[in-house]
Amino acid sequence: EMNVVGKKNLDPKIGLPLTERTMANHLQEAGYRTGLIGKWHLGTSEKFHPMSRGFDEFYGFLHEGHFYYPPPYRGAVTRLRENEPPYDDDNPLMRGRDVVEEKTYLTDALGREASSFIDRNREKPFFLYLAFNAIHSPMQAPVSLMGEFEGLRGEQRRLFAAMTRSMDNATGRVLDTLRAQGIEQDTLVCFLSDNGGPTAELTSSNYPLRGGKGQLFEGGIRVPFACQWKGRIAPGRVSDDPVSALDLLPTALSAAGLAMPRNLDGVNLMPHLDDRSRPVERGSMFWRDGQNLAMRRGQWKVVKQRTNDFQLFDWASDPAEANDLSTARPDTKKQLVAELEATNSEMAAPLWA
């Protein structure tokens, strides 16, 4: 097998298994125009390419990260970590299956491409997955935005703020496009982050939550999640019910009036979005990331971080996960760990390290 763009340092057999159907597959088959703008990171060979996985259009890159300007990074403030990985080494920007050159700051370019997709498809049902690589290393922001944050201490913090502002601006441009095309009332928009902030690197704070990216404490798994559907969902509401990115697929299928496949791990959120008094109907929530394990049921959560023992927390009253209740509530811990281990035993073995 060959990688689409000749990637030398990746196994071309690694990618989202072909046995899995993406949200784009479901909606494309139902007549939706489907587009991916931004980061893919689910395989670099042809069989894993987004346009082989249900997307009609693709503008972005296939691997992990990407610089925001092409070398020599004119117009940018750049701050690299020691031994920064070569994100762009054989990881070019692509339109469809063709390599393209992009001179616009990448976050702005992704917003531009998303707006263009909406403009071109406003007359038909569409599904757009806009996967910003902001705010992800390498740390790089337009010089033009840095001046807005002179009051912040430290260049690293100002850089992080400027990258955030750029993503805010690009998101706003997309929402403005929906409004300008007269389809804002008829469009479900969901915005969420992929993980909690990596605090040491990016100056981000998950306070008052414990931990960050790569951990299963709340600081690593609890993220912003906002939805808008102006013609259907009442504005200004906040929900305390735990939800998950896994809920996006069943929610989108419900919103589109499509049949729900069996064995989906997520929950359809539409009844809760329509009527906040209706709770999100779900059982336990389970996480596994390498040696890290966690399960949440009701107010209780058990966490095993790497080689440490399981800890028990009442996340409802202790969101900072500061008080391990293993000794005080041994039966609760035992029951939850048993449920976690039973669930974990049903999981497929990792396909790669």
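Before any of the text, the structure's been laid out above.
Residues numbered from 1 in each chain as written. Predicted model: local features only at pLDDT ≥ 70, side-chain atom pairs only at ≥ 80, totals over all residues. Heavy atoms only, no water.

A. Spatial organisation of the overall build of the protein. Regarding its fold elements, the protein presents nine helices and 13 strands. If you line up the protein on its principal axes, its C-alpha atoms span 60 × 50 × 50 Å. For the protein, the residues scored as buried account for 42% of the 353 residues in total. The contacts in the protein between residues at least 6 apart in sequence include a share of 61% that link residues at least 24 apart. Taken as a whole, the protein presents about 18800 Å² of accessible surface, with 49% of it coming from carbon and sulfur. Distance from the positive charge centre (43 side chains) to the negative charge centre (47 side chains) of the protein: 0 Å. (Helix = DSSP H or I, 4+ residues; strand = E, 2+ residues; numbered from the N terminus. Buried < 20%, exposed > 50% of the residue type's maximum accessible area, 1.4 Å probe, protein only. Contact = heavy atoms within 4.5 Å. Areas by Shrake-Rupley, 256 points an atom, 1.4 Å probe, with all protein chains shown as cover. Lys, Arg positive; Asp, Glu negative; His and termini not counted. Charge placed at Lys NZ, Arg CZ, Asp CG, Glu CD.)

B. Examining the packing of aromatic side chains more closely. All told, the structure shown has seven aromatic pairs when counted by the stated rule. Both rings, one in phenylalanine 117 and one in phenylalanine 126, keep their centres 5.8 Å apart while their planes meet at 85°; by these two values the pair is edge-to-face. Taken individually, phenylalanine 117 and phenylalanine 126 each receive the classification buried, so the pair is uniform in this respect. Ring geometry for phenylalanine 217 versus phenylalanine 313: centroids 6.4 Å apart, planes at 70°, classification edge-to-face. (Phe/Tyr/Trp six-rings, centres within 6.5 Å; stacked < 30°, edge-to-face > 60°.)

C. Broad picture of the pairing of strand 12 (residues 300–304). Within strand 12, four of the five residues are buried, which leaves the element mostly enclosed by the surrounding structure. Here strand 11 (residues 292–297) folds back onto strand 12, and the loop between the two strands holds two residues, one of which, glycine 298, carries a positive phi near 60°. (Pairing = 2+ DSSP bridges.)

D. Representation of helix 4 (residues 155–180). Compared with an ideal rise of 1.5 Å per residue, which puts 26 residues at 38 Å, helix 4 spans 37 Å between its outermost C-alpha atoms and is within 8% of the ideal. Looking at the residues trailing helix 4, positive phi occurs at glycine 182, about 75°. (Expected span 1.5 Å × (residues − 1).)

E. Up close: the sheet that holds strand 6 (residues 126–131). With respect to topology, five strands assemble into an open sheet ordered 5-4-2-1-6, the strand pairing being mixed. Every interior strand has two partners, whereas the edge strands, strand 5 (98–99) and strand 6, have only one. Judged from the two bridges that link them, strand 2 (residues 57–61) and strand 4 (residues 94–95) form a sheet pairing that is antiparallel. If you follow glycine 60 over to strand 4, its bridge partner there is methionine 94. In the packing of helix 2 (residues 106–121) onto the sheet, contacts are made with strand 1 (33–39), strand 2, strand 4 and strand 6, and the angle to strand 6 comes to roughly 180°. (Axes fitted to C-alpha atoms, helices over the stretch in contact; angles between N-to-C directions.)

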